[in-house]
Number of protein chains: 2
Amino acid sequence: MSSPSPTPRTRPGGRTARIRTQVLDAVSAELAENGYDAVTVDAVAARAGVHRATVYRRWRDTGGLIADLFTAAGDIDWQPRDTGSLVGDLTALNQEIQDSLGEPNSIAVALIAVSFRSAEAADALRRLWADRYHQSEVVVRRAVARGELAPAVDARALLITATAPVYHQVVLLRLEPDPELPRRAAESAVAGVLSTSCCAPAAPSDVTSPP
Amino acid sequence: MSSPSPTPRTRPGGRTARIRTQVLDAVSAELAENGYDAVTVDAVAARAGVHRATVYRRWRDTGGLIADLFTAAGDIDWQPRDTGSLVGDLTALNQEIQDSLGEPNSIAVALIAVSFRSAEAADALRRLWADRYHQSEVVVRRAVARGELAPAVDARALLITATAPVYHQVVLLRLEPDPELPRRAAESAVAGVLSTSCCAPAAPSDVTSPP
């Protein structure tokens, strides 16, 4: 969802791990600067300063390199911010997404673009989205714990409603990031979920004095 | 936004118009079945039964063919449905979008995919989105006229909020279409806009008896 650097910086050592870091850094740089067609075993090996045979043996081809980039992106120990309110947390999440999508040579946009080129990348992106939304569900659980939402809320659906307009604006509509959008989309999603029968919190007395 | 067949069927006659129809039908078929890389002047000319030189002279290359497909898609006289309520209209719009995105070899998804491959296609898609959202604004104007929303509402922002989750689910998250999503996203967007200070309608007496 957000796009932290896809290559873990503090992976436990060893030559194998070091080579993976070098190779994946080279993949993400090629992808962001020159696009999918530039991600060849030769170009990546040269950029990474790793022998071509090593790259070929471990990653085989462009598809293998891209898939491992997604896997590494999913390994990162990412946490959504805790601002103390549901609208605040969703706004912070949207701001992080918008920042990562709007940066020059955005890796997040590049990963989305390659998912239209390769079935392997599409599967990897599907898993990455699932991980990121799963990691973000804590935002909704905290809101339930604070009594902002009823426990019956569908956390995934709320997160998708809140974040979709930011992706839509930048990735699909290809408009400039709108500085008001992260908060507006967060507020709208919260108002939407509170208007449904499932999800408004119980009366305050029930929340503060459970039986 | 929706994806009607991109080639106008009832274009005023003449050989030039007929050739354009044949060629664009061939482009959309190649695109949907075999992807961007299959859209070559040779393949399209053969499929359309048109001389290669004719295609080359008028469309020049893959980029020109794809760009004209977008232009033709934008020419279609499309209208959103009028169901009598804002939630109903937005649900119908979302259903139409979801149907077009979910069909096998979806042209809508293919147009989005090619926009990541060519700057010309990206520009064309930006114009197509702008047209479709402009055509959809009538849904919001009708809601204002019925007194469902205040005139100050930002029609474009509401339409983006309502439709974004459908695109996000199918195009970016690559999940199966969710039959409940068109209505849920419409209801959430309406609840969201009604919760803002700008947009709830004036009191009923003001609506039914204007000064």
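The structure this text deals with has already been given above.
Below is a short write-up of the structure. These numbers were taken from a predicted model, which means no experiment stands behind them.

Our next topic: the overall build of chain A. Assigned secondary structure in chain A consists of 10 helices and 0 strands. Order of helices (α) and strands (β) in chain A, N terminus to C terminus: α-α-α-α-α-α-α-α-α-α. Looking at the 211 residues of chain A, the share that counts as buried comes to 55%. A total accessible area of about 9,400 Å² is found for chain A, and carbon and sulfur atoms account for 52% of it.

Each partner contributes residues to the interface: chain B has 31 residues there, and chain A has 31 residues. Summed over both sides, the interface of chain B with chain A buries roughly 2,700 Å², with 69% coming from carbon and sulfur. When the buried surface of chain B facing chain A is broken down by residue, Phe116(B), Leu172(B) and Arg174(B) rank first, second and third, together holding 27% of it. The tally of links between chain B and chain A comes to 0 salt bridges. Elements with a contribution of two residues or more to the side of chain B that touches chain A: α6 (107-115), α7 (119-145), α8 (155-172) and α9 (181-194) of chain B.

Residue and element names in this part refer to chain A. The end-to-end C-alpha separation of helix α5 (residues 86-102) is 24 Å, in line with the 24 Å expected for 17 residues at 1.5 Å each. With 12 of 17 residues buried, α5 is to be regarded as a mostly interior element. Residues of α5 that are buried include every one of Leu86, Gly88, Asp89, Leu90, Thr91, Ala92, Leu93, Asn94, Ile97, Gln98, Ser100 and Leu101, and no others. Those residues of α5 that are buried are in contact with α6 (107-115), α7 (119-145), α8 (155-172) and α9 (181-194). By the N-cap criterion, in which a side-chain oxygen at the helix start approaches the backbone nitrogen of a residue two or three places on, α5 is capped by serine 85, the distance to glycine 88 being 2.9 Å.

Our focus in this paragraph is the nonpolar core. Core analysis: the largest hydrophobic core is formed by 132 residues, its most contacted members being Val23(A) and Val23(B). When near neighbours in sequence (up to four residues on either side) are disregarded, Val23(A) contacts Val44(A), Ala48(A), Val50(A), Val55(A), Trp59(A) and Leu65(A).

On to the packing of aromatic side chains, then. Enumeration over the complete set of coordinates arrives at 5 aromatic pairs over all chains. Measuring from centroid to centroid gives 5.0 Å for Trp129(A) and Tyr167(A), while their planes differ by 75 degrees, and the two rings are edge-to-face. Placement of Trp129(A) in helix α7 and of Tyr167(A) in helix α8 is noted, with a sequence separation of 38 residues between them. The class of Trp129(A) is buried, set by a relative accessible area of 5%. Here a set of aromatic residues connected by ring pairs shows up, and it is made of Trp129(A), Tyr133(A) and Tyr167(A). Geometry around Phe116(B) places Arg174(A) over its ring, the cationic atom sitting 4.7 Å from the centre.

Conventions adopted
Residues numbered from 1 in each chain as written. Chains lettered and ligands numbered in written order. Predicted model: local features only at pLDDT ≥ 70, side-chain atom pairs only at ≥ 80, totals over all residues. Heavy atoms only, no water. Helix = DSSP H or I, 4+ residues; strand = E, 2+ residues; numbered from the N terminus. Buried < 20%, exposed > 50% of the residue type's maximum accessible area, 1.4 Å probe, protein only. Areas by Shrake-Rupley, 256 points an atom, 1.4 Å probe, with all protein chains shown as cover. Contact = heavy atoms within 4.5 Å. Buried area = accessible area lost by both parts, 1.4 Å probe. Salt bridge = Lys/Arg side-chain N within 4 Å of Asp/Glu carboxyl O. Expected span 1.5 Å × (residues − 1). Polar contact = N/O pair within 3.5 Å; in protein donor to acceptor, adjacent residues only side chain to side chain. Core = buried A, V, L, I, M, F, W, Y, C linked by side-chain atoms within 4.5 Å. Phe/Tyr/Trp six-rings, centres within 6.5 Å; stacked < 30°, edge-to-face > 60°. Lys NZ or Arg CZ within 6 Å of the ring centre and 35° of its normal.

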